[in-house]
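Spelled out from the first residue to the last, the chains are:
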Amino acid sequence: MKQSRILKRLPALTRLALLGSALALPLATVLPAPVAHAAPPSRIVEGWYAHNATLIMLGAQDRIVGTVARQAMLPWMFRLVPELAKAETLDPGNLNAEEVLALHPDLVFVTNSGHAADALTHAGLNVAPEGFDRFDSMLDCVDGTATLLQTPIAAKRAQAYRSAFLQVISQAPTNPDGPHVLHVESLKPLRVDGDDSIIDQWIRSAGGQNAAQGIHGNKQPVSIEQVLSWNPDILIIAANAGDPATLKQDPVWSKIKAVQTGRVYRNPTGLFPWDRYGPELLLQVIWARQIVQTGQVDAPAMIRSIRSFYHDFYGIALSADDAQRMLDALPPASDTP
């Protein structure tokens, strides 16, 4: 199907794109490629937190029999996709081959930055290592997953998602003179995201520069003195990183330009945190572009965009109140204390 035909079928996402205006990781071990069987896999084990959101987008939520996802970590995912609660909860740090074999899966997804793929493959399991740190390899991950799932809905949504994502980022030119943006993954302990990460790419795609100069990769520990030396123009605090409101009272944080000028923002969240490694990156690029370029978000328009996104790509009818809570980085209403 041609891209123009897909976009005509997604008017809400075309408006969403207007509102906001690569490379796969190597495997340490050469493993057999995952096998696409004659029939679509009916029993799937998910060993990578982020990839759950991709499987759900591609319509495979009712086939996940084991997952490393936990409700405490991903409350929106379990609220909006109740089928996931039926899956066996697995330990991500110790994906045991015997435990996985007992689930009789047709297909096992793991992160290619971990060490589970080799042992699981040698146990006779059909293993698909996944990972990406760029937009293009994220889209390849979605396409490759759809190929393994072998269902019409997976193929349709993967193709439509690629088209919509490319449409959005085509209107997000980089700016080498843009404001310096620091993405804080955790306040205590203090960790930030550097280059060689999807976070670095969406910062630049939004028109900013990553303030974490000399820092490579995700979730890297730094000192507050280092942050002070960077003196970022904008601080984006991950949804579950800690309370950004406390920074004004802190004797060191209060010296940073972003805090002094009020340009501190809490990152929205959804099925998976928007700012990290899932399909909700499409929403992240649009939100971050507004933050970087205007310093504020058109909340009513963004809420409409959020609802359109989850309807078009997840088949989820999200209420306006739930969309607002996602935008505010809050959990589902009944999950609050």
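Residues numbered from 1 in each chain as written. Predicted model: local features only at pLDDT ≥ 70, side-chain atom pairs only at ≥ 80, totals over all residues. Heavy atoms only, no water.

Brief notes about the overall build of the chain
Check the secondary structure of the chain and you find 14 helices and 11 strands. Summed over all atoms, the accessible surface of the chain reaches about 14,700 Å², with 53% contributed by carbon and sulfur. (Helix = DSSP H or I, 4+ residues; strand = E, 2+ residues; numbered from the N terminus. Areas by Shrake-Rupley, 256 points an atom, 1.4 Å probe, with all protein chains shown as cover.)

Here we look at the pairing of strand 6 (residues 180-186)
Here strand 6 lies mainly inside the structure; six of its seven residues are buried. Sheet analysis places strand 6 next to strand 8 (residues 209-210), joined by two bridges and oriented parallel. Across the sheet, Val181 pairs through a bridge with Asn210, a residue of strand 8. With four bridges connecting them, strand 6 and strand 10 (residues 234-237) associate as parallel partners. The residue of strand 10 that forms the bridge with Val184 is Ile237. Across two bridges, the pairing between strand 6 and strand 7 (residues 191-192) is antiparallel. Within strand 7, the residue paired with Val184 across the bridge is Val192. (Buried < 20%, exposed > 50% of the residue type's maximum accessible area, 1.4 Å probe, protein only. Pairing = 2+ DSSP bridges.)

With respect to the confidence of the model for the chain
For the chain, the mean per-residue pLDDT works out to 88, and 88% of the residues sit at or above 70. Here residues 1-31 scores under 50 on pLDDT; set against residues more than four positions off or in separate chains, the count is 61 contacts. (pLDDT = per-residue confidence, 0-100. Contact = heavy atoms within 4.5 Å.)

Notes on unusual backbone geometry
Glycine aside, residues mostly have negative phi angles, and peptide bonds mostly take the trans form. Between Lys188 and the following residue, Pro189, the backbone shows a cis peptide bond with an omega angle of 0 degrees. Within the element layout of this structure, Pro189 appears in the loop between strand 6 and strand 7. The phi dihedral of Gln150 falls on the positive side, at around 60 degrees, and the residue is not glycine. Along the chain, Gln150 turns up in the loop between helix 7 (135-149) and helix 8 (152-169). The phi dihedral of Lys219 falls on the positive side, at around 50 degrees, and the residue is not glycine. Position of Lys219 relative to the elements: it lies in the loop between strand 8 and strand 9 (220-221).

What to know about the pairing of strand 4 (residues 107-111)
Burial of strand 4 is extensive: four of the five residues sit out of reach of the surface. Relative to strand 4, strand 1 (residues 44-46) runs parallel, the two being bridged by three bridges. Bridged to Ile44 within strand 4 is Leu107. When strand 4 meets strand 5 (residues 127-130), the two strands line up parallel, connected through four bridges. Its bridge partner lying in strand 5, Thr111 is registered against Glu130. Each parallel crossover has a hand, and the one from strand 4 via helix 6 (residues 116-122) to strand 5 is right-handed. (Right-handed = clockwise from strand over helix to strand, strands pointing away.)

A few points about the layout of surface pockets
Here the largest pocket defines a volume of roughly 820 Å³. What lines the largest pocket is a set of 33 residues, among which Met73, Lys219, Phe272, Pro273 and Arg276 lie closest to the centre. Residue classes in the lining of the largest pocket are distributed as 18 nonpolar, nine polar and six charged. (1 Å grid on protein atoms, 1.4 Å probe; cavity = no way out; pocket = protein on both sides within 12 Å on 5 of 7 lines; lining within 4 Å. Points joined across faces, edges and corners; volume = space filled by probe spheres on them. Nonpolar A, V, L, I, M, F, W, Y, C, P; charged D, E, K, R; others polar.)

Details of helix 14 (residues 320-327)
Within helix 14 the residues assigned to the buried category are Asp322, Ala323, Arg325, Met326 and Leu327. Within two residues after helix 14, Ala329 carries a phi angle of roughly 65 degrees, on the positive side.

Things to note about the sheet that holds strand 2 (residues 64-67)
Ordered in space as 3-2-1-4-5, the five strands form an open sheet in which the pairing is parallel. Each having just a single partner strand, strand 3 (88-89) and strand 5 make up the two edges of the open sheet. Two elements, strand 1 and strand 2, share three bridges in a ladder whose sense is parallel. Across the sheet, Val45 pairs through a bridge with Gly66, a residue of strand 2.

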